[in-house]
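Breakdown of the fold
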Amino acid sequence: MFEGLQSPISFWLFGVIIVLLVLHFLYSDFSSKRLEPPGPRPVPLFGNLFQVDLKWLDKSLFDLSKKYGPVFQVYLGPKKVVVLAGYKTVKQALMNHAVEFGNREITPAFYDLTKSHGIIFSNGDNWKEMRRFGLKVLKDFGMGKKMSEEIIIKECSHLIEEFEHFQGKPFLNTKPINYATSNVISALLFGRRFDYKDPVFQAMVRRENEIIRLTGSASVWIYNFFPWLGPLLKNWRDLITNVEDNKAEARKIIAELKESLDPEVCRCYVDAFLIHKKHLEDSGMKNVYYHDDNLLYSVTNLLEAGNDTTANTLKWGLLHMAKNPHIQHRVQEELSTVVGSRQVQIEDRKNLPYTDAVVHEIQRLSNIFPISLPHATSTDVTFQGYFIRKGTTVIPLLTSVLYDESEWESPHSFNPSHFLDEEGKFIRRDALLSFSAGRRACLGESLAKMEVFLFFTSLLQRFRFTPPPGLSEDELDLTPVVGFSLCPRPQKLCAVQRK
Ligand code: HEM
C-alpha cells in the first residue's frame, strides 16, 4: 500500500498533505456545529498573518473589527485568537462574564518571563493567592493613600532637580522619568529608592523597558506561534538575556533584605512576603505558594508593570503639552490660581477640574496597553451568540475602547472636553478603560493614577514644556514606538523654568 512512498520526495509530500489536512480540520473546527465568531479566512500554518500587521497589531485588529464586528476571530499563525472590540463588548465580557474571560493567556514568551509564577502570567489558585497578597501588602504600604503620596512627592523633587540641570535647553526626558517611576515602586517593594546615577539601577530600568518593548515586537510574536524558531530570533535572545540579568539583580536585592530581616519590623513588600512565609512554616501550616519563585517573579512583575506604563503615560503627557501650548497654559493658570507655588497634593484634585480632565485625556489618548494583556477563556462560553471554546486566547482590544467612535466625541484628537461638562466641571467617563476591567484589571491602578497626577502637576507648576528651538509644535511626532506598551518616540523637549 505504501509502495508509492518509497522515494524520499513522495514521503515528504505525503507528510505535508497530512499536516495540511490536520490544519484544515483544526481551522474549520469540523467537530463543532456551533456558531463561531466571524473572521477572515485563514490559510494553513500562517492563519491570517497576511491580513494582520504584527508591527501594528492593535491597529490591524481595530480595522478588522470594522469589517467583522465586535466579536471576531483571527488566526495568528496556527493560534486562534478571539478579539473583543468596542467599549460595550469589552465591558460586557470582562465584567459580566468575568470568570469565563478571566484567565491569562500564557504565550511561550510570557512563560519564559516567569514560568507561570508570580501575578501577571499565572492562573488558578496561584494567581488568586499572589494577586490577593500583592494587593493587600501594597495597600498596607499605602498604595493610593497618604504614605504613597509622600513617596511620590519626594520623588517629584528629585525629578524636578534633574530637569533643572538642563536650564531650559532641549533634552530627552525618557531616562529621568523612568528612574522616577521606578523609584516609587522600588520604595514599596524594597523599602528604598536608588540614585539616578547608580549604574546598576540604570541598567535594571533599561532592561525592564526593553523587556516590555521586545515582548510586543513582531519577531517575538512569531516566536509565540513557532517557538522552535526562538534561538534564530535576535529579539527573543535579547529578551531572555534581559530577563535573566534582571532576575539576577532582583535576587541580590532580595537576598540583602533576607539577611537583614527583622520579623517585628516590616519594611516593604519583600519583607511582608518573607514574614508571611516564616509564619506559615513556624505554625506548621501548609505552604504551597510562598516560595522563592513566587517572590522573585511577583517582584519582577510589579517592577515591570509599575515602571514602564506610568513613565510612558507621563512622557505622553509632556509631549501633548508641548504640542498643545494653549491647553498647557490653561492647566498652568488653574494650578497657579488654586495651588500657587506650594506642593500639589492629591486633595487638590477636586479643585482642579480642567487639570484633572487633561490628566484623564492623557490616559485615554496614550493608550498604554493597546491590546491589554491577552486573556484566555477559563471554560467554554457562548458570548453574543458565538461559541468560544475553553482555553481560547482572547484580546480585549483596548485601542477600540479608548478610541471608540460611539463613546468619544473626537476619539483621535487631544480633547480635555471629553471629561468636562458644560459648566467646566470634571466628569468621569466609564469608557476610559486604560486599566482594563474585571478580575484581571490592573492591580496598581490607584498608585498609577496618583503618580501620574502628582508628577504631571508638579512638573507643570515648575516648567513650561516646548519643542526645541527651530521646531514647531506640528513637527513633534506622536507616532508611538510599538512594544507591548506604546511609548512616545524619543525626541527632545525643553523644560523652561516658569517665573
Ligand atoms: C498608567 C499606568 C498603568 C496602566 C495604563 C496599566 C494598565 C494595565 C492593564 C491594561 C493591565 C492588563 C489588565 C488585563 O489583563 O485585563 C494591567 C495589569 C497589571 N498591572 Fe497595570 N497599569 C499601570 C500601572 C501599574 C502599576 C503602577 C502597577 C504596580 C503597582 C501595575 C501592576 C499591574 C499588575 C500586577 C497587573 C496584572 C494583573 C493580573 O494579571 O491579575 N500596573 N495594567
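Structure report, in brief. (Residues numbered from 1 in each chain as written. Predicted model: local features only at pLDDT ≥ 70, side-chain atom pairs only at ≥ 80, totals over all residues. Heavy atoms only, no water.)

Quick word on the site of the ligand
Every one of the 28 residues lining the ligand counts as a neighbour, but Arg 104, Arg 131, His 375, Ser 436 and Cys 442 are closest to it. Contact between the ligand and His 375: an oxygen atom at 2.7 Å from a side-chain N or O atom of the residue. Take Arg 440: an N or O atom from its side chain is 3.0 Å from an oxygen atom of the ligand. For the shell around the ligand, the secondary-structure elements that each account for two or more residues are helix H5 (124-140), helix H12 (292-323) and helix H16 (445-462). Among the elements that make up the shell around the ligand, the one with the highest residue count is H12 (six residues). Taken together, the residues of the shell around the ligand break down into 15 nonpolar, ten polar and three charged. (Near = heavy atom within 4 Å. Polar contact = N/O pair within 3.5 Å; in protein donor to acceptor, adjacent residues only side chain to side chain. Helix = DSSP H or I, 4+ residues; strand = E, 2+ residues; numbered from the N terminus. Nonpolar A, V, L, I, M, F, W, Y, C, P; charged D, E, K, R; others polar.)

Comments concerning the sheet that holds strand E1 (residues 71-76)
Reading across from one edge, E1-E2-E7-E4-E3 is the order of the five strands in this open sheet, with mixed pairing throughout. Bordering the open sheet on either side are E1 and strand E3 (103-104), each of which pairs with just one other strand. Two elements, strand E2 (residues 79-84) and strand E7 (residues 393-396), share four bridges in a ladder whose sense is parallel. Each bridged residue has a counterpart across the sheet, and for Leu 84 the counterpart in E7 is Pro 396. (Pairing = 2+ DSSP bridges.)

Quick word on the environment of His 360
Position of His 360 relative to the elements: it lies in helix H14 (residues 353-366). Measuring from C-alpha to C-alpha, the distance between His 360 and Ser 434 comes to 9.7 Å, with 74 residues separating the pair along the chain. Discounting chain neighbours no more than four positions away, the residues touching His 360 are Phe 419, Phe 426 and Leu 432. (Contact = heavy atoms within 4.5 Å.)

Quick notes on the nonpolar core
If you look at the biggest cluster of nonpolar residues, it comprises 142 residues, and the most contacted ones within it are Phe 163 and Phe 456. Considering every element that reaches this core, the biggest residue donor is H12, with 13 residues. Those residues in contact with Phe 456 that lie beyond four places of it in its chain are Leu 314, Gly 317, Leu 318, Met 321, Val 331, Val 358, Val 359, Ile 362 and Glu 451. (Core = buried A, V, L, I, M, F, W, Y, C linked by side-chain atoms within 4.5 Å. Buried < 20%, exposed > 50% of the residue type's maximum accessible area, 1.4 Å probe, protein only.)

Things to note about the side chain of Thr 181
When you line up the elements, Thr 181 lands in helix H7 (residues 174-190). Looking at Thr 181, the relative accessible area reads 0%, which means it is buried. In this structure the side chain of Thr 181 is engaged in a polar contact, spanning 3.3 Å, whose partner is the backbone oxygen of Asn 178. Beyond its immediate sequence surroundings of up to four residues, Thr 181 is in contact with Asn 307, Thr 310, Ala 311, Leu 314, Glu 451 and Phe 455.

Considering the packing of aromatic side chains
Using the criterion set out here, one finds 24 aromatic pairs in the structure. An angle of 50° between the planes, with centres 5.9 Å apart, marks the rings of Phe 163 and Phe 463 as tilted. Taken as a pair, Phe 163 in helix H6 (residues 146-164) and Phe 463 in strand E8 (residues 463-466) lie far apart in primary sequence, 300 residues in all. Residues Phe 163 and Phe 463 agree in their burial class; the two are buried. Ring centres of Phe 226 and Trp 228 lie 6.0 Å apart, and the angle between their planes is 55°; this geometry places the pair in the tilted category. We classify Phe 226 as buried; its relative accessible area is 9%. In textbook terms, an aromatic cluster arises when at least three aromatic residues are bridged by ring pairs, as seen for Phe 110, Phe 121, Trp 221, Phe 225, Phe 226, Trp 228 and Phe 484. (Phe/Tyr/Trp six-rings, centres within 6.5 Å; stacked < 30°, edge-to-face > 60°.)

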